[in-house]
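As a plain string of letters, each chain reads:
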Amino acid sequence: MSVSRRTLLTSAAGAAVAVGTSTSPATAATPENVDAASATRTLRQAADYAVAKLRAVAPGVTAFPVGTKFEKWTYSQNGDWVGGFWPGQLWLAWLHSGEEQFKALALASAEKLAPRRDDTTTHDLGFLFYPSWVTAWRLTGDEKWRAGAVQAASSLIKRYNPAGRFIRAWGALSDPNNAGRVIMDTMMNLDLLAFASAQTQDPKYLEIAVAHAKTAQRNFLRPDGSSPHVFDFDPVTGAPIGPNTVQGYSPASCWSRGQAWGLYGFTTMHRRTGDAEFLTTARRLADFALSRLTPDNVPVWDYLAPQAPHDIKDASAGVIMACGLLDLAELTHRPHYRDSALRILTAVSRTCLTTNSARAEASVARCTRHRPAEDGIEVSLPYADYYLLEAILRVLDRPKADRAIDLSSV
Ligand code: GLY
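All of the points below concern the structure found in this document. (Residues numbered from 1 in each chain as written. Predicted model: local features only at pLDDT ≥ 70, side-chain atom pairs only at ≥ 80, totals over all residues. Heavy atoms only, no water.)

**Section: the layout of surface pockets**
Leftover empty space is mapped by rolling, across the atoms, a probe with the size of a water molecule. Basically, it comes down to this: Buried and open spaces are told apart on a 1 Å grid over the protein atoms alone, a cavity being a set of points where a 1.4 Å probe fits but cannot get out and a pocket being an open set with protein on both sides within 12 Å along at least five of seven lines. Residues with an atom within 4 Å of a point are the lining residues. Grid points are joined across faces, edges and corners, and a volume is the space filled by probe spheres set on the points. All residues other than Ala, Val, Leu, Ile, Met, Phe, Trp, Tyr, Cys, Pro, Asp, Glu, Lys and Arg, Gly among them, are scored as polar; the first ten of these are nonpolar and the last four charged.
When its volume is computed, the largest pocket comes out at roughly 300 Å³. If you trace the largest pocket, you find 19 residues lining it, with D80, W81, D124, W170 and Q247 closest to the centre. Residues of the lining of the largest pocket, tallied by class, amount to eight nonpolar, four polar and seven charged.

So this is what it looks like as structure tokens:
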């Protein structure tokens, strides 16, 4: 379907956004005009719904939600890789609603991550400590959160391989398995390093983040802007071996959540460094993902799996991508990225929320954790709930989003 001209979309913050005349699938496939008032209403309702869900569920939660089984959260005691998203959601709920109970719950949940500050067995320390402890410091000014986040960054840089100029994704440092394995997701852990350099005035953290991002940029991006989930290197020489996958369909496919992590992560790295190449890379990742978006504006789990585009969905990829696109629109001054983000967000809000279920404990449904392992197919995931709120806050009240996560540029 080709659409000639769309109405104006206006963010709640008041910035006018002209919806482009592009005939890209994302634009052309949208079944209806999305006007400013309607998009704002939909997103506000979705945020209110997410906050109401947290109001009902969070007081009974004593560990870290990792995903749902038949609509009920299952939990990790130590946070696994997702432990930052629960306190993160609670912080965003506090900002959106002003209800003090969310602040108390966020503080209690963030506190439980304390032992992970010294965890050198994973690259996930940014996911764990940015939305929880960095945000806690930004919102409370309490030094303990700032110091703890810097400590987590110090643990993360122990995973840097200077020969290959990358941060190793998985496995204990003493374990030779996976020693040369790099994954796109790590792009999201780099902002913790930028934070640590800014706080300590020690450039080493950001230098490692930049080195890793350059390595990823050189090796993950295919000519069409798609990317594999994994890239393997020789851990001793640092020489590239080749693309691979764990959560995508194949080394030649494009796992949609990985693509979204890359889009968001490279955009953030541009914010922190001003490096124009990071922005170009983010745009290439965005343009490929948007070219593969289906008419319903909810990403399929892997854009290049054999059944795509008629395959299972991953709404988490959609909301992560929406956050990245909103940021990309600001930094490139290209409003069509914002239009696309709004289409994804309104689509997720209208077709992926759990609103018709009295049983559901999460807000966003239709997310896929690990398709090849047949683990978590169209379930709810804590990062989908977190990034839905982050994206909506970016649209409805950017200054509030900036209070939680640093949206300034160098
Ligand atoms: N970072 C792991 C995932 O996105 O599933």
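**Some points on the pattern of salt bridges**
Keep this limit in mind: Put simply, a salt bridge is a Lys or Arg side-chain nitrogen that is within 4 Å of an Asp or Glu carboxyl oxygen. The helix count covers DSSP runs of H or I at least four residues long, the strand count covers runs of E at least two residues long, and both are numbered beginning at the N terminus.
Taken as a whole and judged by the stated rule, the model has 21 salt bridges. In this structure, K144 and E111 form a salt bridge, with 2.5 Å as the shortest nitrogen-oxygen distance. Here E111 lies in helix α4 (residues 100-111) and K144 lies in helix α6 (residues 143-156), a separation of 33 residues in the sequence. R146 serves as the salt-bridge partner of E143, at 2.8 Å between the closest nitrogen and oxygen. Of this pair, E143 and R146 are both found in helix α6, three residues apart, which corresponds to roughly one turn of the helix.

**Points about the packing of helix α8 (residues 204-220) against helix α9 (residues 256-273)**
This is how the line gets drawn: Where helices are involved, their axes are fitted lines through C-alpha atoms of the stretch in contact, as for all axes, and angles between N-to-C directions lie from 0 to 180°. In what follows, roughly perpendicular refers to angles from 65 to 115 degrees, roughly parallel to angles under 35, roughly antiparallel to angles over 145, and oblique to any angle outside these ranges. Note on convention: near helix rotated counterclockwise from far helix by under a right angle means a left-handed crossing. Clockwise means right-handed. By the convention used here, residues are in contact when the closest approach between their heavy atoms is within 4.5 Å.
Interaxial distance between α8 and α9 falls to 11 Å at its minimum, and their mutual angle equals 135°. It follows that α8 is oblique to α9 by the angle criterion. As for the relative orientation of α8 and α9, their crossing is left-handed in sense. Contact residues: α8 offers L206, A209, V210, A213, A216 and Q217, while α9 offers F266, M269, R272 and T273. By residue class, the composition of the contact of α8 with α9 is seven nonpolar, two polar and one charged.

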